[in-house]
Amino acid sequence: MLLKELSEARGVSGSEEKVREIIREHIGPHVDQISVDSIGNLIALKKGDGSIPLKVMLAAHMDEVGLMVTHIDEKGYLHFGFVGGIDERILPGKRVLVGEKAIPGVIGLKPIHLLKEEERSQVVPADRLVIDIGAGDKASAEKVVQVGDYATFDVAFRELGARRVMGKAFDDRAGCAVLAELVKERYPFDLYAVFTVQEEVGLRGAKVAAYAIEPDAAFSIEGTVADDLPKEKDVSPTTKLGHGPAITLMDRTFVAFHPLVRLLVESAEAEGIPYQFKQPLVGGTDSGAIHLTRKGVPSATVAVPCRYIHSPASILSLDDFENTIRLMKATLMRLRPEHLKLE
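First, a word on scope: everything that follows refers to the structure included in this document. (Residues numbered from 1 in each chain as written. Predicted model: local features only at pLDDT ≥ 70, side-chain atom pairs only at ≥ 80, totals over all residues. Heavy atoms only, no water.)

This brings us to the overall build of the protein chain. Assigned secondary structure in the protein chain consists of eight helices and 17 strands. Here the C-alpha atoms of the protein chain give a radius of gyration of 21 Å, agreeing with the 20 Å that 2.2 N^0.38 yields for 343 residues. A principal-axis box enclosing the C-alpha atoms of the protein chain has dimensions of 65 × 45 × 35 Å. By residue count, 52% of the 343 residues in the protein chain fall in the buried class. Taking the average place of the 42 positive charges on the side chains of the protein chain and the average place of its 50 negative ones, the gap between the two points comes to 0 Å. (Helix = DSSP H or I, 4+ residues; strand = E, 2+ residues; numbered from the N terminus. Rg over C-alpha atoms; globule rule 2.2 N^0.38 Å. Buried < 20%, exposed > 50% of the residue type's maximum accessible area, 1.4 Å probe, protein only. Lys, Arg positive; Asp, Glu negative; His and termini not counted. Charge placed at Lys NZ, Arg CZ, Asp CG, Glu CD.)

Below you can see the structure in the form of structure tokens.
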């Protein structure tokens, strides 16, 4: 399963090479052109049949959140900073892999037996945590790890019950796996499938790619927050697992182009595909950079709901994943120039 291979690949923002290699090998036989730009985006062109003179860009980001080694102390412990948004609460005791050699380590914390009473109810800040790779001193640690090395969570992809799977980096390896399926089809227009870099640190790859391609329309394919766990108050979740692809109306980076949102809804209802709207004003995607490029690009975002994103392990529904592929195929086949005009 491509999703498994992508989930287990290591690719923090700025170090997406391994992910790019997997995707390039997988999609190569299905596209007409493929290239890597100066920032590291993988750009594939699937030529249309010539019936509609449009350029449509689909974006899914390859990078994942992670850690970077900032200092190695005299005892051989690795101090680190965040690459992308990570909740400090989830760090203590987590297994990680450090550097190109994937050196195993664990994020260390003072044992509970030594905690003061007031410390037991506090979140330990990251600057008081270290990665322990078992080194006896600084010299031995520096033989295998250097300042600037990335660290990723050490998590194996697993199948769970009810057609659900667990793994790391579903934001946005789920979107990458969806996009890899979409390029197997040929559409009426030229399709640019862009596997972007550095989304988690500022939508950087998408900005560069959209400027070069200058698309007429764009869709970002994402893995997004599903916070459908029990709550004390009856609060609407951002999305729910098993309720279909999530369509964005507005997030912190852009307002979705309304005619494209309507096209997505019409396609879903025509094909009997379940769908949901992502709670507005939450998160951000590559569409935030794409829609502002050059003269402006009509943009929309569709996402696979994922529980516990930006954590060591996420959970998604394979039904949602497959329905995201179905919805995007149906939408692309229906897309016409009139869908790119405001009323």
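Let us look at the side chain of Gln198. Note on placement: Gln198 falls in the loop between β12 (190–196) and α5 (204–213). For Gln198, a relative accessible area of 16% corresponds to the buried category. Within the local environment of Gln198, its side chain forms a polar contact with the side chain of Arg204, the two groups lying 3.3 Å apart. Setting aside anything within four residues of it in sequence, one finds Gln198 in contact with Ser13, Gly14, Glu16, Ile39, Asp63, Leu203 and Arg204. (Polar contact = N/O pair within 3.5 Å; in protein donor to acceptor, adjacent residues only side chain to side chain. Contact = heavy atoms within 4.5 Å.)

As a further point, take the pattern of salt bridges. Summed over the entire model, instances satisfying the criterion amount to 13 salt bridges. For Arg163, the salt bridge identified is with Glu322, shortest N-O distance 2.9 Å. Of this pair, Arg163 sits in the loop between β10 (158–159) and β11 (164–167) while Glu322 sits in helix α8 (residues 318–334), and the two are 159 residues apart along the sequence. Judged by relative accessible area, which is 38%, Arg163 ranks as partly exposed. A residue is classified by how much of its surface remains accessible, and Glu322, at 39% relative accessible area, is partly exposed. The partner of Glu185 in a salt bridge is Lys329, and the shortest N-O contact between them spans 3.5 Å. Remark: Lys329 occurs in helix α8 and Glu185 occurs in the loop between α4 (170–182) and β12; sequence separation between them is 144 residues. Given a relative accessible area of 25%, Lys329 falls into the partly exposed group. Here the salt bridges share partners, and the residues they tie into one network are Glu64, Lys168 and Arg173. (Salt bridge = Lys/Arg side-chain N within 4 Å of Asp/Glu carboxyl O.)

Attention now moves to the pairing of strand β13 (residues 217–225). Of all the nine residues making up β13, eight are buried; the element is thus mostly covered by neighbouring parts of the structure. Sheet analysis places strand β3 (residues 55–61) next to β13, joined by four bridges and oriented parallel. Directly across from Ala59, in β13, lies its bridge partner Ser220. (Pairing = 2+ DSSP bridges.)

Among the structural elements, Asp216 can be located in the loop between α5 and β13. Among residues more than four places away in sequence, those in contact with Asp216 are Pro53, Leu54, Lys55, Val297, Pro298 and Leu340.

The subject of this paragraph is the packing of helix α2 (residues 17–27) against α4. In the contact formed by α2 and α4, the axes pass within 10 Å of each other and the chain directions differ by 20°. When the axes of α2 and α4 are compared, the pair comes out roughly parallel. Viewed along their axes, α2 and α4 form a crossing whose handedness is right-handed. Two secondary-structure elements touch here, α2 through Val19, Ile23, His26 and Ile27 and α4 through Arg173, Cys176, Ala180 and Glu181. Tallied by class, the residues present in the contact of α2 with α4 amount to five nonpolar, one polar and two charged. (Axes fitted to C-alpha atoms, helices over the stretch in contact; angles between N-to-C directions. Parallel < 35°, antiparallel > 145°, perpendicular 65-115°, else oblique. Left-handed = near helix turned anticlockwise from the far one by under 90°. Nonpolar A, V, L, I, M, F, W, Y, C, P; charged D, E, K, R; others polar.)

What follows concerns the packing of aromatic side chains. Aromatic ring pairs are reported here in terms of the distance separating the ring centres and the angle at which the planes meet. Taken as a whole and assessed by the stated rule, the structure comprises three aromatic pairs. With centroids separated by 6.2 Å and ring planes inclined at 70°, the aromatic side chains of Phe157 and Phe170 adopt a geometry described as edge-to-face. Within this pair, whereas Phe157 is found in the loop between β9 (150–153) and β10, its partner Phe170 is found in helix α4, the two being separated by 13 residues in sequence. For Phe157, a relative accessible area of 8% puts it in the buried group. Given the relative accessible area of 0%, Phe170 is considered buried. When the centroid spacing of 6.1 Å and the interplanar angle of 10° are considered together, the rings of Tyr187 and Phe189 count as stacked. Of the two residues, Tyr187 and Phe189, both sit in the buried class. Against the face of Tyr211 rests Arg294, its NZ or CZ located 3.9 Å from the ring centre. (Phe/Tyr/Trp six-rings, centres within 6.5 Å; stacked < 30°, edge-to-face > 60°. Lys NZ or Arg CZ within 6 Å of the ring centre and 35° of its normal.)

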